[in-house]
Structure formats: structure tokens, C-alpha cells
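Listed here are the chains, written in short residue letters.
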Amino acid sequence: MSLRNIGHRLYQGEVSFDFVGKRKIWYSISAVIVLVAAVGLAMGLHLGIEFKGGSVYTVHKPGLSASQAKETADKIIGSKTALVQTTDKGDVRVQVSAQESIPATTFTKEFSQAIGVQEKDINAQVIGPSWGADISKKALTGLIVFMVLVTVYMAIAFEWRMAVAALVALIHDLLITIGVYALVGFEVTPGTVIGFLTILGYSLYDTVVVFDTVKENTRGLTKQSRRTYSEAANHGLNQTLVRSINTTVVALLPVSALLFIGGGLLGAGTLNDISLALFIGLAAGAYSSICVATPLLAQLKEQAPDMKALAKRVAQRRASEAKAAAEAAARGEEPDSGQDAEDGVPAGMVGQRNQPTSRARGKGRPSGKR
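Cut-offs used in this document
- Residues numbered from 1 in each chain as written.
- Predicted model: local features only at pLDDT ≥ 70, side-chain atom pairs only at ≥ 80, totals over all residues.
- Heavy atoms only, no water.
- Salt bridge = Lys/Arg side-chain N within 4 Å of Asp/Glu carboxyl O.
- Helix = DSSP H or I, 4+ residues; strand = E, 2+ residues; numbered from the N terminus.
- Buried < 20%, exposed > 50% of the residue type's maximum accessible area, 1.4 Å probe, protein only.
- Patch = residues over 30% accessible without salt bridge, like charges linked within 9 Å, V, L, I, M, F, W, Y side chains within 5 Å.
- Areas by Shrake-Rupley, 256 points an atom, 1.4 Å probe, with all protein chains shown as cover.
- Expected span 1.5 Å × (residues − 1).
- Arc of directions from axis to C-beta.
- Core = buried A, V, L, I, M, F, W, Y, C linked by side-chain atoms within 4.5 Å.
- Contact = heavy atoms within 4.5 Å.

K.L.:
What should I look at first to understand the pattern of salt bridges in this one?
P.N.:
Once their charged atoms are close, side chains differing in charge can pair, the charge on each being opposite to the other. Tallying each qualifying case throughout the model produces eight salt bridges. A salt bridge links Lys75 to Glu71, with the shortest nitrogen-to-oxygen separation between them at 3.8 Å. With Lys75 and Glu71 both in helix H4 (residues 66-77), this residue pair falls four residues apart, about one helical turn. Notably, a salt bridge pairs Arg219 with Glu216, separated by 2.6 Å at the nearest N-O pair. Residue Arg219 is classed as partly exposed on the basis of its relative accessible area of 45%. Three or more residues joined by partner-sharing salt bridges are found here, namely Glu159, Arg161 and Lys301.

Here's what the structure looks like:
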């Protein structure tokens, strides 16, 4: 069966995955992932030179490997804290933290003598910690402003429960991405911050698409007694499921190329900064939109008095139908599967009236009267 056919059957309600009904499972999975991410954060992020300050030395010498440069740099500073990378131009980039109290001129002189190049061939750049602190402050301010604007927008365009669910999903994605960054040990650079902010926008987009469908499906929901809010929300989630999967896969393909081919096979380490954040964030954003945001929305919405009354009516109707079916089965009769005009239409189309089944069944047949 093709993905297109599956999407059509999901949209029509012929096939359905109970994401909302199994929210405790998704919550448990998210809790475990967030806990692991929290452990990574407790271990600390590997901040780049732009945030903690220090010196960057770039040297071009054919045949000089990163391992040789690191061994030499560690001997000069007296510790194994030097970070060495190779650039796409074949240069070797050595980072020395500001905590290592060694002047740039001293390091340049000793390093040039050890590897056999002139001092002028080593490009030294000193970055103060105040610059990194200023960047961190601005990034945090931008994140807070983004969260506030998202909450306000969702509350106005939809409702406050959707705003809360979307905000929880965003925080969920951010914690997971930062935690994985800490566990992997990748360096946090300004490119990483850009990746973090990018995934928040993607996660919000995916959540809004799902919420918009849920909103359509639950319009006029209290006028019927056949489907609860959770069931209608789950149907809307299934309608957008294939779209969410397709969007995520298409977005992950180029990011995977950057991360695994560019950064892994080709050795362009600078691509890892933003590509890992995007890869983890995109995957977490798709998961949270399906398994966190919508189930949480349904849980919050079910606490409303009108939805509690609706759930009670639905339960009573189903109990009555089950009783009638059992009595009919005891008499050896077929259970009545007829639906009234209001409850026979899908949720989100309550206001539309279809012709009752009993009338349509006799259309075009002889009445038996002479």
C-alpha cells in the first residue's frame, strides 16, 4: 500500500492510530529522554571559544596533522585542554581557553619553533570572555522574546490551552537538543545558537498545522454525542500525520547530508555545529507535535466543564447502544445500526445534515400500495 493511500485512509478515518489515547506512553518516553538530556546538561556544555573567551591560532603547514598539533599545544600550555580542528582549506586551528594563563605571543613563539614554521605564518586571534557573555545574553533574550510572542499568538489565534501545549512542546524540543549536544560533546558556537532558534520555528510550524486541523474537527463538537474531544483531536492528528512525516523527512535529508557526509566523511567539522542541532531538533519537533502537543491539548481540554459533560453523554449513549445490541443479540435479531442525522456526520461537520438512512433505503423502491 502506497503512502498516498495510507494518507487518504487516515484522512477519511478508515485507519487511525490512537496517539491521544496512549498519551501516558508518550509522556513516559519523553520523560526518559528529557531525563537523559538533563544528565547531559548537568555534565556541562562544551562552550566554544566565542563564549568562554581565549585565543585561536591558525597555521598552514603541509603534513601537519591535528593530533600532532594538539600534542604540541598541550605541552606548551601544560594541560590537555587545547582544542584542535582542521579547516576545509587544510589549515590547523588551535583553540586555547582563556583559563590557560599563557600570553598569545609566548604561545605563538613556542608553537612556531616546535612545528618548524615562522611566527608570521601563525595567525593569532584573542577573544575576550566579555564578547561571549554579551552574545549569550542576547541569545537568551531572543529566546525569551520568541517564547512570549509564540504564547501570545497561539492564545489569540487559537486558545490558551493550545498556547500552553505548544509552549511545552517547544521547551521539550529545546531541552532534548541541548542535552544531546552536551552528551555528544560537540562545541557550542554561534552557529549552534542559530540552529536552536531555527528548530523552534520548525517545531512551532508543525504544531500549528496539527492544531489548525484539530480546531476544524472540534468545531460544534458539543452538538453531538458520538465523539469526545480526545477522539476528535486524535482524528485531526491522523489527518495530518502523513504530511508531518513527509515534511520531516524532506527537511532531514539535506541536514543529514551536512552532518554525516559533510561533517563525518569529508571532515568539515564546522558543519557539525549547526547540522547536529538541526537534525536532533527537527526529529524532536516532529515527535513533540504528534506525541506531546496534541495529547496534552486534549488532556487540558477534557478538563473543561462542557467537554466533561460531552464525555458523559458519549459514555451514556455508548452504554445504551451496547445494552440495546446485547438485548437484540439475545432475541436473535440484528442490532440497529442506524444513526440520526446529527450524530451520523463526522466531528467538525456537525452543522451539516445528511439524509437519514431510513429514508434513503426506501428511495426508488415500490411502496407496495395499489
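K.L.:
Looking at this structure, how should I read a nonpolar patch on the surface?
P.N.:
A cluster of nonpolar side chains, contributed by Val32, Leu35, Val36, Val39, Met43, Leu183 and Val184, occupies part of the molecular surface with about 660 Å² of accessible area. Looking at the nonpolar patch, the elements with two or more residues in it are helix H2 (23-43) and helix H7 (160-184). For the nonpolar patch, the element with the highest residue contribution is H2, accounting for five residues.

K.L.:
Sorry, what's going on with H2 here?
P.N.:
Since the α-helix advances by 3.6 residues per turn, residues separated by three or four positions end up pointing in the same direction. The first and last C-alpha atoms of H2 sit 30 Å apart over 21 residues, in line with the 30 Å expected at 1.5 Å per residue. Taken together, the buried positions of H2 are Trp26, Ser30, Ala37 and Gly40. One side of H2 holds all its buried residues, which, seen down the axis, span an arc of 70 degrees. Opposite the packed face of H2, turned more than 90 degrees from it, sit the exposed residues Lys24, Val32, Leu35, Ala42 and Met43. Following H2 by one or two positions, Gly44 has its phi on the positive side, about 100 degrees.

K.L.:
What am I meant to see in the nonpolar core here?
P.N.:
Burial of nonpolar side chains together is a common tendency in soluble globular proteins. In this structure, Phe19, Met154, Met162, Phe211, Tyr229 and Leu297 are the most contacted members of the largest nonpolar core, which totals 49 residues. Contributing elements (two or more residues each) for this core: helix H6 (129-157), H7, helix H8 (190-217), helix H9 (229-239), helix H10 (241-265), helix H11 (272-301) and helix H12 (305-330). Not counting the four nearest positions on each side in its chain, Met154 is found in contact with Glu159, Met162, Ala163, Ala166, Leu204, Val208 and Phe211. With 18 residues, the next largest nonpolar core counts Val59, Leu64, Phe107 and Ile115 among its residues.

Interpretation in functional terms is not warranted from these geometric data alone.
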